[in-house]
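Observations on the model geometry
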Amino acid sequence: MSTPTAVAPGDSASATSAGTASGLRLRMFSTLVRREFWEHRSLWMAPLAVAGLLLVCALPTHGAFQINLDDGVQWLDPGHKAILFALAQWGLSVPHYLVMIIVLNFYLLDCLYAERKDRSILFWKSLPVSDGATVASKLFVGLIVVPVGTFVIALVTNLLFTAIWNLRAVFGHSPELVLWDTVALLKVEILMLLGLVISILWYAPLVAALLLASAWARRNVLLWVTLVPLVAIIVERLAFGTHYVAGLLEYRMNGIWERLHIEAAVLGSMTSVGPSEVVSLPRVLDRINIGPAFTNIDLWLGLVVAGAFTYAAARIRRYRDDS
Amino acid sequence: MTQVIEARGLKKSYRATRALEDVSFTVEAGRIVGLIGPNGAGKTTVLKAILGLTRFEGELRVLGRDPRSQRNELMHDVCFIADVAVLPRWLRVSQALDFVAGVHPRFDRARAEGFLRKTDIRMKSRVRELSKGMVTQLHLALILAIDARLLVLDEPTLGLDLLYRRQFYDTLLNDYFDKERTILVTTHQVEEIENLFTDVLFINHGRVVLESTVEGLAGRFVQLVATPEQAARARELQPLHEREVFGRIAMIFDGRPASDLASLGEIRTPSIADLFVAKMQGVAA
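Before going further, it helps to examine the packing of aromatic side chains. One pass over the full model with this rule turns up eight aromatic pairs over all chains. Aromatic pair A:Trp216 and A:Trp224: ring centres 5.1 Å apart, planes at 75°, arrangement edge-to-face. For A:Trp224, a relative accessible area of 39% puts it in the partly exposed group. Aromatic side chains B:Phe202 and B:Phe276 sit 5.7 Å apart centroid to centroid with 85° between the ring planes, which places their arrangement in the edge-to-face category. Here the residue B:Phe202 occupies a position in strand β8 (residues 199-204), and B:Phe276 occupies one in helix α11 (residues 272-281), the gap between them amounting to 74 residues.

Okay, the pattern of salt bridges next. Evaluated as defined, the whole model comprises 26 salt bridges over all chains. Across the pair A:Arg35 and A:Glu39 runs a salt bridge, and its minimum N-O distance is 2.4 Å. With A:Arg35 and A:Glu39 both in helix α1 (residues 11-39) and four residues apart, this pair spans about one turn of that helix. In terms of burial, A:Arg35 and A:Glu39 fall into one category: buried. With its nearest N and O atoms 3.2 Å apart, the salt bridge here joins B:Glu266 to B:Arg268. With relative accessibility at 34%, the residue B:Glu266 sits in the partly exposed group.

Let us now look at helix α7 (residues 182-216) of chain A. In this model α7(A) runs 48 Å from its N-terminal to its C-terminal C-alpha over 35 residues, within 8% of the 51 Å that 1.5 Å per residue would give. Along α7(A), the largest kink reaches about 55° and is centred on A:Tyr203; proline A:Pro205 follows within four residues of it.

Time to look at the nonpolar core. Residues and elements named next belong to chain B. Among the nonpolar cores identified, the biggest contains 97 residues, and Ile5, Ile50 and Leu172 are the most heavily contacted of them. Residue contributions to this core reach at least three from each of two domains, namely domain 1 (3-205) and domain 2 (216-284). Setting aside its immediate chain neighbours within four residues, Leu172 contacts Leu140, Leu144, Leu151, Leu153, Phe177 and Ile183.

The next subject is the interface of chain A and chain B. In this assembly, 28 residues from chain A lie in contact with 40 residues from chain B. Summing both partners gives a buried area of about 3200 Å² for chain A against chain B, and 61% of it is carried by carbon and sulfur. Summed over the shared surface of chain A and chain B, the result is one salt bridge. Residue B:Asp98 pairs with A:Arg34 through a salt bridge whose shortest N-O separation is 3.5 Å. In this structure, the connection of chain A to chain B is made through seven residue pairs in polar contact (both at pLDDT 80 or more). When residues of the side of chain A that touches chain B are traced back to their parent elements, those giving at least two are α1, α5 (121-125) and α13 (297-319) of chain A. Per-element accounting of the side of chain A that touches chain B gives the leading share, nine residues, to α1(A).

What counts, and where the lines are drawn
- Residues numbered from 1 in each chain as written.
- Chains lettered and ligands numbered in written order.
- Predicted model: local features only at pLDDT ≥ 70, side-chain atom pairs only at ≥ 80, totals over all residues.
- Heavy atoms only, no water.
- Phe/Tyr/Trp six-rings, centres within 6.5 Å; stacked < 30°, edge-to-face > 60°.
- Buried < 20%, exposed > 50% of the residue type's maximum accessible area, 1.4 Å probe, protein only.
- Helix = DSSP H or I, 4+ residues; strand = E, 2+ residues; numbered from the N terminus.
- Salt bridge = Lys/Arg side-chain N within 4 Å of Asp/Glu carboxyl O.
- Expected span 1.5 Å × (residues − 1).
- Bend = angle between axes of the 7 residues up to and from the residue.
- Core = buried A, V, L, I, M, F, W, Y, C linked by side-chain atoms within 4.5 Å.
- Domains from an automatic or database assignment.
- Contact = heavy atoms within 4.5 Å.
- Buried area = accessible area lost by both parts, 1.4 Å probe.
- Polar contact = N/O pair within 3.5 Å; in protein donor to acceptor, adjacent residues only side chain to side chain.

Worth remembering: the numbers are spatial, not functional.
This is how it looks when you write it as structure tokens:
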């Protein structure tokens, strides 16, 4: 190491070093995030595969897979088609989120366990990266990067899907099933984005709990995260005849969505188009009120719990000595 | 500051077994220290303590810091290779370079690439596609390109063939080591690298049994190779250890001037491996 060069102690020098220090931290964190995508390739391969499959479905098909809608679309008027358009935006996103939930579960259970299983943890720990930063990067990937990335990929897929479908209609290869409606598109996407934000906040403790299990379990992480709640529920029922654990888990799965009164919004949005009575999706979107989700104290308490779980995972990684 | 490691009264127990009884030693800057001991002597526990990977009792300063509470700061100046198998199998060579470059402010990527060019390792390869020797070359290339003050190597060449072992230590000595850096090595292959050490630290049953510079050893320990008749007289001078070699007796004396022994047989300077055996087995053998 060279001897320290003459650095004049002064405001400018310390300001510069503070600037580079935060720059270095940012570079370190982005490197940690990239690392997760190198190791867990399903994080980016699965959403791209879903997008690819959906787009293949939009392409012209022959034979058995050809859907003949020519007769059916005759009675559809523009109102119907706009509703179908909004529904398609929604429906096309569902596969993305279903796959994301599966991929994320496996990722979170594995991310702090794999490095112990393949004994690479000492390599990672030989570099100047704190356990807190490592665990935080994994939480950030599971809670923010993948969900937001999924949203973006779903949006792009939807637009491409609609574009392909409309091109086919222009060339007369398929019925003009949907009608482009920018307002409906924005409403659907904004609502999905808000739903995503609520999901991230509401499910943060569950995500952090999986991280904690991944850091803690010596083996069979999946078994632990299924057995522990299951045994707790059974023991509670047998010993006390109560079901608080089951109730708590169920609440953490669904509780926030009940506060949005989606059912009432749907029932109050019936509209008659032509001879039939259908749900008007644009009207449903207008009626759903996101506000109560954010004023729910349990949402914010859950974040505190998530923080505690994350801290515990980092502590376990720091002080565990079984390598 | 010349003291890189200062350990006083290190103690550590794993449940029923005591890994470290009372370990004290110092390591100065610019030295290559061999931490030598039989299996289960506590070597790895000492290294883990130095690297802040385990809890322990006692006082320990590494580069002036406490590895327990200041591990993150410490790891900027300390590097270690724990075992050849630790690089993750999914990692690509280029990703390994990207990662270390991204998290270590004192990593010289060009230098690491220079080391790798001298090998058959390709940038696109994954670790799982490399041979054991190549994995070690990769790990060494990463570590040697980091401008660290203390390098800790725990059995770095375990399971490698002689060519790779020789190359490993040649690179370490020629391309890395200088007066500002300190290297702490544990190994089973003492004979092969004993010329490398400037200092040795013998540890057994969780205690330091010998701490010395290599020059200091030559002044302190003498090996006498005597005939069985001469050996009887030599035994009165209380050898530390003796063993029979081709009908002659090789004895090691601690702190006895060579001039006292010259009349009893052939005088040699014991190798570190000889001393290790003598210290670990004692007179009993």
